[in-house]
Amino acid sequence: MEKIYYKLLAACGPELLILREIPLEEIKRTAGTLVAEGIRRVRQGLLEIKPGFDGEYGKVNIFRADERQAYLGQAALFSLDEPRGETRALPLLLRGRAGKKEDPSRTSLPAGLNREQQAAATAGANRVLVTAGPGTGKTRTLLHRVEFLLRRGAKPAEITCVTFTRKAAAEMEKRLRRLLPSGDRIRALTFHRLCLSLLAHCPAWQERTLLSEYELPAFFGEEQELHRALLVITRLKNRNILPGDPEVPEEWRDFYRRYQEFLLRHQVLDYDEIVLETVRLLEEKMIPRTALACCRHLLVDEFQDVTPLQYRLLKLLAREGETLFVIGDPDQSIYAFRGSDTGVFQRFREDFPGYQEIALRLNYRSTPDLVAAAQHLIARNRRPARVRVEPARPPGKRPAVSYLATSSAQAESRAVVREIVRLVGGTDMLSAHGDYKASGDAGGYSFGEIAVLFRTGRQVELLEKALLKEGLPYKVAGEKELLHHPRIRETVTYLHALLKPADCLVLTTLYFPCFFPGEEYIRQLEEAGRRESRPLFTAVQDFSGQNDLPALVREKLRYYCYCQEKFTSLLKQGTKEFLHEWIKERGWDGTAEMEQIMGMAALSSGPADFLERVLYGKEQDLEREGKRGPAPEYISLMTIHAAKGLEFPVVLITGLEEGLLPLHGGEAGEEEIEEERRLFYVALTRAQEEVILFSAGRRRGSGSSPVRLPSRFLQELPAEILRHRRIKQKKSQPSQPGLFPVAGGE
């Protein structure tokens with residue numbers, strides 16, 4: 001293969017060019033059928049990707065073994081028959097000699113589980129609490145717990161797995177289908193999807209439209225600090241505190257009351273109201289027991305992120321169910337701003353007498369030095385009886401943790417790019433150019449094995465510019481701030497109104513400047529709709545045909561109807577087509593925020609999927625393609641919150657500065673600093689082999705460029721592991737000018 005590789009480089013040019021642009025026939029002539037077909041599949045994304053999870057490495061397969069042999073024996077490039085359907089793996093319980101099935105009741109769990117994982121998966125108690133450090137195989141253990149329940153006689157339709165992101169739920173369902181014969185009948189849901197499914201079976205429940213946090217400003221535009229107010233209400237609701245309760249802070253009491261009245265008047269829900277209503281109906285025993293049968297066996301991943309309200313929901317469901325299995329890591333609790341807290345583990349111990357607790361200690365993800373650095377850091381947080389995580393991997397060949405201090409945020413972004421180029425072995429991915437060499441370490445990583453993490457979405461702009469300048473492919477996740485931009489808020493709201501033309505959404509879109517007919521006529525439209533019990537959009541259609549209206553009002557309403565018809569039709573063609581025309585119609589071409597929302601659409605399967613990611617999605621679900629466009633694989637740029645649950649061979653963490661990580665700096669109390677330390681702990685423990693830390697001496701903020709101090713967390717890493725280094729720039733060589741120009745020179 002090495003000979004073929006060098007032959008390709010000599011004949012066709014740099015590797016990135018070969019992977020992306022060189023015609024397949026030319027590649028075939030140089031390297032043969034198998035290589036050409038492999039590159040075709042990489043370009044089109046026709047790969048079998050098995051992601052890595054806690055305790056399990058990921059794999060990417062281009063060919064099955066039989067396909068490889070077939071291509072090697074053929075002279076034509078595309079002469080194989082159509083690919084066959086995916087070969088279904090033998091169920092874990094039935095694996096043995098080929099063709100021979102064993103009795104599931106006599107078969108023990110797979111030998112791939114260690115003693116602690118097996119103890120957790122097969123625990124006999126009906127209430128099981130598993131504390132599991134990073135990389136110890138949490139999801140794997142949970143899935144084998146499902147397998148154990150099936151062996152004990154549980155029905156697939158009675159098992160529900162709960163996690164926190166749509167992406168994690170989809171991946172869990174995929175793994176269940178791959179591992180178990182009945183996996184396609186076992187549900188993996190987010191808390192909010194679970195609640196909506198229960199509400200759908202409740203006769204007392206009247207379906208209401210869900211408004212996202214990005215759509216609500218249209219109704220409360222006059223409020224100051226609305227974003228902060230909504231965050232306060234989220235925390236109150238997740239502690240199950242209602243507007244009339246004495247625990248509501250006085251400064252927010254009036255707004256909270258008016259906010260709840262607004263939801264009721266317009267028959268809409270916010271994100272937290274879904275869980276709140278489900279809890280209320282469960283407490284009033286209004287949800288039929290038949291609807292609760294799906295939760296007879298409940299398994300909860302990432303238990304440390306559960307809020308008091310969600311914990312109350314779990315208790316109510318467990319009361320009606322048979323088994324409850326929760327797994328998580330208190331040291332990875334990073335959502336206090338939404339109401340979660342590490343005390344949920346102790347509440348479980350107090351609320352479920354007879355529970356069984358198991359700890360998972362062996363980290364299969366990270367090298368010993370990375371595990372030691374992370375443990376040394378998190379030991380500074382107060383926590384009784386912390387289970388010490390131990391490494392299961394052998395020592396790495398590279399320095400585990402290194403730190404580069406840069407002069408500014410711009411210099412930091414350039415340094416990040418130089419490190420990435422070094423890690424992949426240079427822009428031709430074989431030999432790095434001298435001006436990118438940062439050390440004697442060899443490259444060898446692919447783009448998809450590298451993640452760049454940051455504390456806030458505001459840090460991504462400079463990183464994107466630096467990556468684009470170098471032509472490197474990337475994608476971005478976790479930019480919740482992006483969706484608060486006024487143009488994107490309008491776009492999301494309009495798409496929502498097209499897919500679900502509820503009166504409150506139609507009303508919101510009528511307030512867009514391009515459609516707004518005036519307050520008086522909006523009141524008339526609302527009154528006409530209520531008086532005649534018809535949808536608001538129907539009233540708009542009728543009004544637009546009235547000749548006695550002022551010309552400008554009639555023009556606005558007719559334009560609204562024209563756009564409704566045009567864009568409803570465009571939705572059938574796809575999200576990107578809709579957005580392209582919408583941006584053009586509004587005159588927003590070329591704006592940065594619209595390019596970014598197009599990047600989000602590029603990674604969605606359709607308009608409904610796109611909208612659901614915005615309405616229900618957590619940071620990890622909010623993913624967009626970089627401006628470089630599609631590629632076989634991407635460098636991952638993401639907030640630390642979005643990186644939760646993921647792993648990469650190399651992780652670059654930017655912004656290690658006071659006031660950024662930790663975010664609150666000297667103004668923060670002990671609890672806030674501990675939360676920030678947990679966040680940094682999560683970032684460190686995403687890495688399998690190497691972590692590179694960066695800080696900037698100056699970083700622009702609020703119109704100024706203040707001096708930044710390195711983060712206190714750098715001092716909390718072991719000195720014997722943290723390696724301080726500088727980027728070595730290539731020295732220019734003096735040259736003697738010649739009498740004649742060199743061919744090809746300037």
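Bear in mind that the values here come from a model prediction, so they are computed numbers and not experimental data.

A. Examining the confidence of the model for the chain more closely. For the chain, per-residue confidence averages 84 on the pLDDT scale, and residues scoring 70 or more make up 84% of the total. Confidence, expressed as mean pLDDT per element, reaches its minimum in the chain at helix H5 (residues 65-72) with 54 and its maximum at strand E8 (residues 297-300) with 98. Scored below 50 in pLDDT, residues 73-107 makes 45 contacts in the model with residues more than four places away or belonging to other chains. Predicted confidence for residues 738-746 stays below pLDDT 50, and this span has zero contacts to residues more than four positions away or in other chains.

B. Up close: the side chain of Arg613. Tracing the sequence through the fold places Arg613 in helix H26 (residues 607-616). Asp609 provides the closest opposite charge to the buried, unpaired Arg613, separated from it by 4.5 Å. When near neighbours in sequence (up to four residues on either side) are disregarded, Arg613 contacts Arg166, Met600, Leu603, Ser604, Asp621, Leu622 and Glu623.

C. Molecular detail of helix H3 (residues 24-31). Along H3, the residues that are buried comprise Leu24, Ile27, Thr30 and Ala31. Down the axis of H3, the sector holding all buried residues measures 125°, keeping them to one side.

D. Structural detail: the packing of aromatic side chains. By the definition in use, this model includes 22 aromatic pairs. Judged by centre distance (6.0 Å) and plane angle (25°), the ring pair of Phe255 and Tyr259 falls under stacked. You can see Phe255 and its partner Tyr259 sitting in helix H11 (residues 250-265), four residues apart, about one turn around the helix. With relative accessibility at 7%, the residue Phe255 sits in the buried group. Note on Tyr259: relative accessible area 1%, which makes it buried. Measuring from centroid to centroid gives 5.5 Å for Phe567 and Trp582, while their planes differ by 80°, and the two rings are edge-to-face. Remark: Trp582 occurs in helix H24 (residues 575-586) and Phe567 occurs in helix H23 (residues 551-571); sequence separation between them is 15 residues. Exposure class is identical for Phe567 and Trp582. Each is buried. Taken together, Tyr494, Phe512, Phe515, Phe537, Tyr559, Tyr560, Tyr562, Phe567, Phe578, Trp582 and Trp588 form an aromatic cluster joined through their ring pairs.

Thresholds, definitions, all that
- Numbers given to residues run from 1 along each chain, matching the order in which its sequence is written.
- Where totals are concerned, whole chains, interfaces and linings use all residues; where local detail is concerned, this predicted model gives features only for residues with pLDDT of at least 70, and gives and counts side-chain atom pairs only at 80 or more.
- Hydrogens and water are ignored here; the side-chain numbers use all heavy atoms of the structure.
- Within a predicted model, pLDDT stands for the predictor's per-residue confidence, ranging from 0 to 100.
- Working definition: helices are DSSP H or I runs of at least four residues, strands are E runs of at least two. Numbering for both runs from the N terminus.
- Contact criterion: two residues are considered in contact whenever any of their non-hydrogen atoms come within 4.5 Å of each other.
- Buried means the residue's accessible area, taken with a 1.4 Å probe over protein chains only, is under 20% of the maximum for its type, while exposed means over 50%, and partly exposed covers the values in between.
- Only four residue types enter the tally: Lys and Arg on the positive side, Asp and Glu on the negative side, with His and both chain ends excluded.
- Whenever Lys or Arg places a side-chain nitrogen within 4 Å of a carboxyl oxygen from Asp or Glu, that contact is recorded as a salt bridge.
- Throughout, the arc means that of the directions going from the helix axis to the C-beta atoms.
- Between 30 and 60 degrees the pair is tilted, below 30 it is stacked and above 60 it is edge-to-face, where a pair is any two Phe, Tyr or Trp rings, Trp via its six-membered ring, whose centres lie within 6.5 Å.

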